[in-house]
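Inside the fold
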Amino acid sequence: MGSFCETSKKPLYHTIGGITNKIPVGAAIGIQSDEYQLLTKIQQLLDEGYQRIKLKIKPNQDLHILEKVREHFPDTPLMVDANAAYTLKDIEHLKQLDQYNLMMIEQPLAHDDLIDHAELQAQIHTPICLDESINTLADVKAAIALKSCKVISIKLAKVGGITNAIAIHDYCEHHHIPVWCGGGMLEAGGVGRAQSLALATLPNFQFPADPGASNRYWHKDIITPEVEVHDGYVTLPDQPGIGYELNLSAPQKVLI
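Criteria and thresholds
- Residues numbered from 1 in each chain as written.
- Predicted model: local features only at pLDDT ≥ 70, side-chain atom pairs only at ≥ 80, totals over all residues.
- Heavy atoms only, no water.
- Helix = DSSP H or I, 4+ residues; strand = E, 2+ residues; numbered from the N terminus.
- Rg over C-alpha atoms; globule rule 2.2 N^0.38 Å.
- Buried < 20%, exposed > 50% of the residue type's maximum accessible area, 1.4 Å probe, protein only.
- Contact = heavy atoms within 4.5 Å.
- 1 Å grid on protein atoms, 1.4 Å probe; cavity = no way out; pocket = protein on both sides within 12 Å on 5 of 7 lines; lining within 4 Å.
- Points joined across faces, edges and corners; volume = space filled by probe spheres on them.
- Patch = residues over 30% accessible without salt bridge, like charges linked within 9 Å, V, L, I, M, F, W, Y side chains within 5 Å.
- Areas by Shrake-Rupley, 256 points an atom, 1.4 Å probe, with all protein chains shown as cover.
- Salt bridge = Lys/Arg side-chain N within 4 Å of Asp/Glu carboxyl O.
- Lys, Arg positive; Asp, Glu negative; His and termini not counted.
- Charge placed at Lys NZ, Arg CZ, Asp CG, Glu CD.
- Phe/Tyr/Trp six-rings, centres within 6.5 Å; stacked < 30°, edge-to-face > 60°.
- Lys NZ or Arg CZ within 6 Å of the ring centre and 35° of its normal.
- Pairing = 2+ DSSP bridges.

Some remarks on the overall build of the protein
- Of regular secondary structure, the protein possesses ten helices and eleven strands.
- Relative to its length of 256 residues, the protein is compact, with a C-alpha radius of gyration of 18 Å against a globular reference of 18 Å.
- Counting only C-alpha atoms, the protein reaches 55 × 40 × 30 Å along its principal axes.
- The buried share of the protein, taken over its 256 residues, is 50%.
- In the protein, of all internal contacts separated by at least 6 residues, the share reaching a separation of at least 24 is 70%.

Right, here's the structure in full:
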């Protein structure tokens, strides 16, 4: 794909059918040691322009935290990521998430249990987003057929690359299931990040993407220019391929 883009003199996002070179981005925050630290981090990220905040939650570190966050940030686009921390035994507890006006809850139940996710989704208003459950197009087809979710996260490396990711995007679009570009895998530094951001320019990516600025993850990225966020957006370069060059001044052990 990279060499084809260079030969055709087109950027990757244009080659795969992207509709814009500006991608809205959000930020994820792990579980913090105290409420003050969490609220401070949220404010810092909002001040930096991030358009959505994702909070990690787990049993006994969820409703109280969300209550405090909503007191301070009542209108901030907010989602939560459970990383499969709950079971259907927690269904009455999870129903209480509906009061916090969340964009979605990501992967509340086990990665291999689409049936339980379907039962949970039928009983809560908050959209379920599947992440760990999604590795192939077949997973997507099963999840949609069972009504296990209302949103799907696509991670480029996890689903096997751009061709598979586009197939998942297209299938979800056809079935009116919005998708968004998940992050967290940190594949190949900025090289992988640039490809994920290019993927997020496709039309059915309806939520801010996870991959944000390089400086949130590394002291020095392996691409130049580094990925930057301005006013809540990453603007992709209009250069052939991924639009970035390898930063040969980065530590040699990183580039090998």
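Examining empty space enclosed by the protein
- Scanning the model with the defined rule gives two cavities of 30 Å³ or more in all.
- Taken as a whole, the second largest cavity encloses approximately 40 Å³ of empty space.
- Around the second largest cavity, the lining residues are Pro11, Leu12, Tyr13, Ala194, Ala198, Leu236, Pro237, Gln239, Gly241, Ile242 and Gly243.
- Secondary-structure elements contributing two or more residues to the lining of the second largest cavity are α2 (12-15) and α9 (189-199).

Things to note about unusual backbone geometry
- At the junction of Thr224 and Pro225, the peptide bond is cis and its omega measures out at -5 degrees in the coordinates.
- Of note, Lys147 is a non-glycine position whose phi angle comes to about 60 degrees, a positive value.
- Position of Lys147 relative to the elements: it lies in the loop between α7 (137-146) and β7 (151-154).
- Lys147 sits in the exposed class, given a relative accessible area of 64%.
- One non-glycine residue, Asp231, lies in the positive phi region at around 55 degrees.
- Its place among the elements puts Asp231 in the loop between β9 (223-224) and β10 (233-235).

Structural notes on the side chain of Asn204
- When you line up the elements, Asn204 lands in the loop between α9 and β9.
- Excluding its chain neighbours within four sequence positions, the residues that come into contact with Asn204 are His169, Cys172, Glu173, Ile177, Pro178 and Val179.

Focus on the environment of Leu246
- Positionally, Leu246 belongs in strand β11 (residues 245-246).
- Residue class for Leu246 comes out partly exposed when judged on its relative accessible area of 48%.
- As a C-alpha pair, Leu246 and Arg70 span 176 residues in sequence and 41 Å in three-dimensional space.

Details of a negative patch on the surface
- A contiguous patch of negative charge, built from Asp34, Glu35, Glu67 and Glu71, is present on the exposed surface.
- Tracing the backbone shows Glu35 in helix α3 (residues 35-47).
- Exposure remark for Glu35: the relative accessible area of 33% places this residue in the partly exposed category.

A look at the packing of aromatic side chains
- A complete count under the given rule lists zero aromatic pairs for this structure.
- Over the ring of Tyr233 we find Lys22; its NZ or CZ atom is 4.7 Å from the centre of that ring.
- The side chain of Arg216 reaches across the aromatic face of Tyr50, ending 5.7 Å from its centre.

Let's talk about the sheet that holds strand β2 (residues 27-29)
- Reading across the sheet, the seven strands line up as β2-β3-β4-β5-β6-β7-β8 and stay open at both edges, with parallel pairing between neighbours. Of all the strands in the sheet, just β2 and β8 (179-181) have a single pairing partner and so form its edges.
- Bridge analysis of strand β5 (residues 105-106) against strand β6 (residues 128-130) gives two bridges, and the strand direction is parallel. Residue pairing across strands places Glu106 opposite Cys129, the latter belonging to β6.

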